[in-house]
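A look at the structure
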Amino acid sequence: MDKFIIRGGRRLHGEIELQGSKNAALPILAAGLLIEKGRCTIGNVPELADIETMIKVLEFLGAKIEWNKKDRSITLDCSDISRYEAPYDLVRKMRASFLVMGPLLARFGRAKVSLPGGCVLGPRPVDYHLKAFSRLGAALVEDQGYIIAETNSGLRGAQIHFDKPSHTGTENAMMAACLAEGETTIINAACDPEVVDLARFLNRAGARISGAGNIIIRIEGVPRLNPADHDVMPDRLEAGTLMAAVGAAGGEIAMGKECVESMSMVLDKLTEAGMSFRIDGDRLIVRSADRLRAFDITTFPYPGFPTDLQASMMALACCCKGISHIKETVFTERFSHAMELTRLGAQIKIAGDEAVITGVEKLHGASIMASDIRAGAGLVVAALAAEGQSEILRVYHIDRGYQNLERKLSLLGADIKRVST
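An account of the accompanying structure is given in this report. (Residues numbered from 1 in each chain as written. Predicted model: local features only at pLDDT ≥ 70, side-chain atom pairs only at ≥ 80, totals over all residues. Heavy atoms only, no water.)

Points about the sheet that holds strand β6 (residues 85–86)
Reading across the sheet, the four strands line up as β6-β7-β9-β8 and stay open at both edges, with mixed pairing between neighbours. If you trace the sheet from one side to the other, it starts and ends with β6 and β8 (139–143), each paired once. Here β6 runs beside strand β7 (residues 110–114); their pairing, made up of two bridges, is parallel. For alanine 86, the partnering residue across the bridge sits in β7 and is valine 113. (Pairing = 2+ DSSP bridges. Helix = DSSP H or I, 4+ residues; strand = E, 2+ residues; numbered from the N terminus.)

Right, dumping it as structure tokens:
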């Protein structure tokens, strides 16, 4: 089991290339199941533990996959899919594995998928997914931890209402509707850029999807999809984590400007805190010269502030002047990192879904433990700003969402190394 050793207090300088988006790559790989003949090449795929899990799920189902890690591409051939069941042993490792259910149901008229696992962030039921499949004409039963969905005469287009936006629920419903007969309308759909990227890939394959990125998405069903190639969008969450790291440690870095449009809320909050941003050609220059000011954020589905950056922003708030407030409205148990941050000397009070952070002059190194992907990233941000040495345990959580994070930070001047124990 690996850990990070970080000696904080070093300012960050340099240029980095953002990885492909994990949250876009996973549904796009699952969508390959919809294509009955031929090979698709998906480019800009990050080398992450969660990608490996999705590949194992697809290979179990019968897909042939070639992963060229050198050029960051995956060639996917789902012509010979021989199963329609995704077992617990694989799905328990990652919630996004449940995304194979929509494509399997659309292609075969049946699917059997284990209820998902993944990060413990409070209740995250798949009710929205199941409601969508039911509206499309599937009969659903739960049996010993598996969801079994069947349709005798194929899926039929329908109007699907979500009580609130569901990122993966929207994606699963959209994929299933691609091969349904007639038109499907998803109302109160998730507007995330990763949903838009999935729609781009599906449309390249011959789907007829309009409105992705808005609260109403329309899908006109087609008889089949065809092979298509696609490059995954850059990872806005990695970009946001690195921005928070610069805010906490100080310095100036450059990254691709592609993420700017999808991160207006994050950039506004960091600017409010005292950071500066400017476009230089095709690069975004991120700078933090002095100790930052306190800020308030409320997490909310896109285009609101992303819950997946809440931990990194809390870590940043620990170093700011004044009192910051963070309200978490997306996941009920997403403050696990707060206790670990206090081990570094942070002053944090939690009351229900709200955190009050009083910034301190200096954090101090300590041994801390990652509890999930984004919490782990937040601990790295804090450790980069802390005096002395910090030890971050269970970095396998971080590896699920960040490719070679320690290497990128080292190139920017951080004193960080991975140690196997």
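Re the packing of aromatic side chains
For the structure shown, the criterion picks out one aromatic pair. The interplanar angle of 15° and the centroid separation of 5.3 Å between the aromatic rings of tyrosine 128 and phenylalanine 162 together place this pair among those described as stacked. You can see tyrosine 128 sitting in helix α5 (residues 127–135) and its partner phenylalanine 162 sitting in the loop between β10 (159–161) and α6 (167–178), a full 34 residues away along the chain. Relative accessible area serves as the criterion here: at 4%, phenylalanine 162 is assigned to the buried category. The ring of tryptophan 67 has lysine 69 lying over it, and the distance from NZ or CZ to the ring centre is 4.7 Å. (Phe/Tyr/Trp six-rings, centres within 6.5 Å; stacked < 30°, edge-to-face > 60°. Buried < 20%, exposed > 50% of the residue type's maximum accessible area, 1.4 Å probe, protein only. Lys NZ or Arg CZ within 6 Å of the ring centre and 35° of its normal.)

Looking at the environment of serine 264
On the secondary structure map, serine 264 appears in helix α9 (residues 264–273). For serine 264, a relative accessible area of 44% translates into the label partly exposed.

Focus on the sheet that holds strand β4 (residues 64–68)
The mixed open sheet is built from four strands, whose spatial order is β4-β5-β3-β14. With partners counted over all chains shown, the strands left at the sheet margins are β4 and β14 (230–231), one partner each. In this structure, strand β3 (residues 39–43) lies alongside strand β5 (residues 73–77), joined through four bridges in antiparallel fashion. Bridge pairing in β5 links threonine 41 to threonine 75. Along the sheet face, helix α2 (residues 49–61) touches β4 and β5 and points at about 155° away from the line of β4. (Contact = heavy atoms within 4.5 Å. Axes fitted to C-alpha atoms, helices over the stretch in contact; angles between N-to-C directions.)

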